[in-house]
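Working through the structure, step by step
Single-letter residue listing:
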Amino acid sequence: MIPAANPRAAYHRHQAEFDAAWRRVMDSGRYILGPEVEAFEAEFADWLGVRHAVGVASGTEALWLALRATGLRPGAEVITSSLTASATLTAIVEAGLRPVFADLDPATLTLDPAEVERRLTPATRALVPVHLYGNPADLTALAPLAEAHGLILIEDCAQAHGAQHAGRRVGTFGRAAAWSFYPTKNLGAFGDGGLVTTADDEVVRELRLLREYGWRERYHSAVHGWNSRLDELQAALLRVRLRHLEADNARRRAIAAAYRAGLPPALPSIAARPGDLGVEHLFVVRHPERDRLRAELQQAGVGTAIQYPVACHRQAAYAGFGAGPGSLPVTERAAAEVFSLPLFPELSDNDVAAVIAAVGALRL
Ligand SMILES: Cc1ncc(COP(=O)(O)O)c(C=O)c1O
């Protein structure tokens, strides 16, 4: 069976480096917010080309704390995608904000700027584009739009470590960006982890308070904070993975290119827009009969997954935010049709050929 994702393969490929890293931490006596976290934050900020990075407990909390640290007040409206991990919504709602869903560009399934403009109201205060599947949202249009309307732009970069829009890395366009290190991400930990990046000195000061009980100094809470700390083990393991990230992304692109060259036109894939550099977090195709195709692929030994089977505005938890059925046609059609084929850097050329052959045998 070829799995859709395989985080264990990353461990085995660099086992000696990972083993050295966790042994170093176990021996150090420091397990939370220590030198490994500090080094990882510095290395990540350097890699991205921003001033600050703040490690937190997950991608969900990265987004939630970024929304809080940029000064958004409860009740404000935040425009975002509905075809995203429910985590995007968890963060927005937990920050006391009101999600407003805008429909998507059908080619990339990222926010359509014209749709965003249509959803603006006097209460809109922020914009959260999601760089879905590793493909950049149209920041050339979205960043000036945010600027023109005084909106705080916060990028959800959970699926896009290393992606570039207009020659610039995603995560450098907004006031802040939220990153997830869930194990299957392009930069994945071996547990939960997340990080916020920002160029803003005030935002970073606030984030450092919020992630540890609002402490300005130990045991003195200056503001109402939280416990959202990245641990030393995950930071040490992430430092290893960061060293291999560019090579891993290149391998993902090579696999995706082989798929695109070998798959039938009747099974179109979602790709970065021309001129952008995606990082192929997932290789997503679409077809109206996805359930049948997935069952046939399963029979042929090819694992698939669906991100996401139900758009957030159609989920019970978020259905109350005013976007009824039919209100986001591009999103709803995508949620009914998309599924992903196996894609991770350790996939062999033989596996890739086997996936292409299995898809080639489908009745499309
Ligand atoms: C688009 C998106 N946003 C946010 C998250 C939340 O990240 P985490 O699982 O680390 O909380 C994820 C990952 O699950 C994601 O894919």
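Presented here is a report on the structure given in the accompanying data block. Note that the coordinates shown come from a computational prediction; the quantities given were computed from them, not determined experimentally.

**Some remarks on the sheet that holds strand S1 (residues 52-56)**
Strand pairing within a sheet occurs via backbone hydrogen bonds; the two strands may be parallel or antiparallel. With mixed pairing, seven strands are arranged side by side in an open sheet as S1-S9-S8-S5-S4-S2-S3. The sheet is open, and its two edges are formed by S1 and strand S3 (98-101), each paired on a single side. When strand polarity is set aside, the average angle formed by the axes of neighbouring strands in this sheet is 25 degrees. Pairing geometry for strand S5 (residues 152-156) and strand S8 (residues 176-180), over three bridges, is parallel. Bridge assignment links Asp-156 to a residue of S8, and that residue is Ala-178. Across the sheet, helix H3 (residues 35-48) touches S1 and strand S9 (194-198), and the angle it forms with S1 is around 135 degrees.

**Description of the pairing of S3**
Across four bridges, strand S2 (residues 77-80) lies against S3 in parallel orientation. Across the sheet, the residue bridging to Thr-80 is Phe-101, located in S3. A crossover links S2 with its parallel partner S3, the connecting element being helix H5 (residues 86-94), and its sense is right-handed.

**Remarks on the packing of H3 against helix H9 (residues 232-262)**
Where H3 contacts H9, the axes come no closer than 8 Å and their chain directions differ by 35 degrees. Considering only the axes of H3 and H9, their crossing is left-handed. Taken together, the residues of H9 that come into contact with H3 (itself represented by Glu-36, Val-37, Ala-39, Phe-40, Glu-43, Phe-44 and Trp-47) are Glu-232, Ala-235, Ala-236, Leu-238, Arg-239 and Leu-242. Of the residues belonging to the contact of H3 with H9, the class tally is nine nonpolar, no polar and four charged.

**Points about helix H11 (residues 329-337)**
Regarding H11, the residues found buried are Thr-331, Glu-332, Ala-334 and Ala-335. On an axial view of H11, the arc spanned by its buried residues comes to 160 degrees, and they lie on one face. Contact partners of the buried residues in H11: strand S12 (283-286) and strand S13 (338-341).

What counts, and at which threshold
Residues numbered from 1 in each chain as written. Predicted model: local features only at pLDDT ≥ 70, side-chain atom pairs only at ≥ 80, totals over all residues. Pairing = 2+ DSSP bridges. Helix = DSSP H or I, 4+ residues; strand = E, 2+ residues; numbered from the N terminus. Axes fitted to C-alpha atoms, helices over the stretch in contact; angles between N-to-C directions. Contact = placed C-beta atoms within 7 Å. Right-handed = clockwise from strand over helix to strand, strands pointing away. Left-handed = near helix turned anticlockwise from the far one by under 90°. Nonpolar A, V, L, I, M, F, W, Y, C, P; charged D, E, K, R; others polar. Buried ≥ 20, exposed ≤ 12 C-beta atoms within 10 Å, placed from the backbone. Arc of directions from axis to C-beta.

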